[in-house]
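Examining the three-dimensional arrangement
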Amino acid sequence: MTATPDLGTARLASPDLLRSVFRRHAAGVAVITAAGDSGPVGFTATSLTSVSAEPPIVSFGIGTGASSWPAMSATGHVGVHVLGEHQQELAATFAKSGADRFGAPTRWREGPEGVPVLDDVLAWLVCRVVARVPAGDHRIVLAEVVVGDHSGPGRPLVYHQGRFNGLRD
């Protein structure tokens, strides 16, 4: 038996409604990185999606007001990192405005195409940006996978109700 929605509590579309609905949506946590003109840049994303297997393409969203946007708008390659439940602090660092995201304790190295690759993640990809699609105050970035590794141990980090959590059985 399913519950009938209470249409009397329905609200008109607004940014607050969208945020409230998506707080209830559990999402995987990724960090997106790129080489910028003045050093590496990156941000935490919960919008990572597999788009196509042939060719292998992923997508993620980024706000045009984000500090990483200028570098992301110009770069040819990005790093995509799937975080493990042991990386809540790393996710918070890359989500925080003004943080030194690549300073200690963050561990990383320069990877293929000069892309910053984070250490100790569940999986990572280096991707070639193929499109940036306008979507309101964001851009949806489509990126074709060039190389990656899925051998990191552990369980995924998820974002739900405004918090980073481990996946529960």
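Let me sum up the structure you'll find in this document.

So, how was this worked out
- Residues numbered from 1 in each chain as written.
- Predicted model: local features only at pLDDT ≥ 70, side-chain atom pairs only at ≥ 80, totals over all residues.
- Heavy atoms only, no water.
- Buried < 20%, exposed > 50% of the residue type's maximum accessible area, 1.4 Å probe, protein only.
- Helix = DSSP H or I, 4+ residues; strand = E, 2+ residues; numbered from the N terminus.
- Arc of directions from axis to C-beta.
- Contact = heavy atoms within 4.5 Å.
- 1 Å grid on protein atoms, 1.4 Å probe; cavity = no way out; pocket = protein on both sides within 12 Å on 5 of 7 lines; lining within 4 Å.
- Points joined across faces, edges and corners; volume = space filled by probe spheres on them.
- Nonpolar A, V, L, I, M, F, W, Y, C, P; charged D, E, K, R; others polar.
- Pairing = 2+ DSSP bridges.
- Salt bridge = Lys/Arg side-chain N within 4 Å of Asp/Glu carboxyl O.

Considered for burial, the residues of helix α3 (residues 88-95) that qualify are L90, A91, T93 and F94. Buried residues of α3 fall within an arc of 160 degrees about the axis and therefore sit on the same side. The inward-facing, buried residues of α3 contact β2 (30-36), β3 (39-45), β8 (116-118), β11 (157-160) and β12 (163-166).

In this model, the largest pocket occupies a volume close to 1,100 Å³. Along the walls of the largest pocket sit 31 residues, with T44, T46, S47, G61 and H138 positioned nearest its centre. Looking at the lining of the largest pocket, its residues break down into 15 nonpolar, 11 polar and 5 charged.

We now examine the pairing of β2. For β2, the buried fraction is high: 5 of the 7 residues fall into the buried class. Inspection of the sheet shows β2 paired to β3 by 7 bridges, in the antiparallel sense. Within the sheet, the bridge partner assigned to V31 lies in β3 and is T44. Counting the residues in the hairpin turn of β2 and β3 gives 2 residues. Here 4 bridges tie β2 to strand β6 (residues 77-82), and the two strands are oriented antiparallel to one another. Bridge pairing in β6 places I32 opposite V80.

Here we take up the pattern of salt bridges. Enumeration over the complete set of coordinates arrives at 6 salt bridges. Across the pair R155 and E85 runs a salt bridge whose closest N-O atoms are separated by 3.9 Å. In this pair, R155 is assigned in the loop between β10 (138-149) and β11 and E85 in the loop between β6 and α3, connecting sequence segments 70 residues apart. A relative accessible area of 32% places R155 in the partly exposed class. What makes E85 partly exposed here is its relative accessible area of 27%.

Of note, the amide linkage connecting E54 to P55 takes the cis form, showing an omega dihedral of -5 degrees. You can see P55 is positioned in the loop between β4 (49-53) and β5 (56-63). Of note, the amide linkage connecting A104 to P105 takes the cis form, showing an omega dihedral of 15 degrees. In this model, D120 sits at a positive phi of 65 degrees, which is unusual for a non-glycine residue. In this fold, D120 is placed in the loop between β8 and β9 (123-135). Under the relative-accessibility criterion, D120 is labelled partly exposed at 45%. Positive phi, normally seen in glycine, also occurs at Q161, with a value near 55 degrees. Relative to the assigned elements, Q161 resides in the loop between β11 and β12.

The quantities given are spatial measurements derived from coordinates; they are silent on function.
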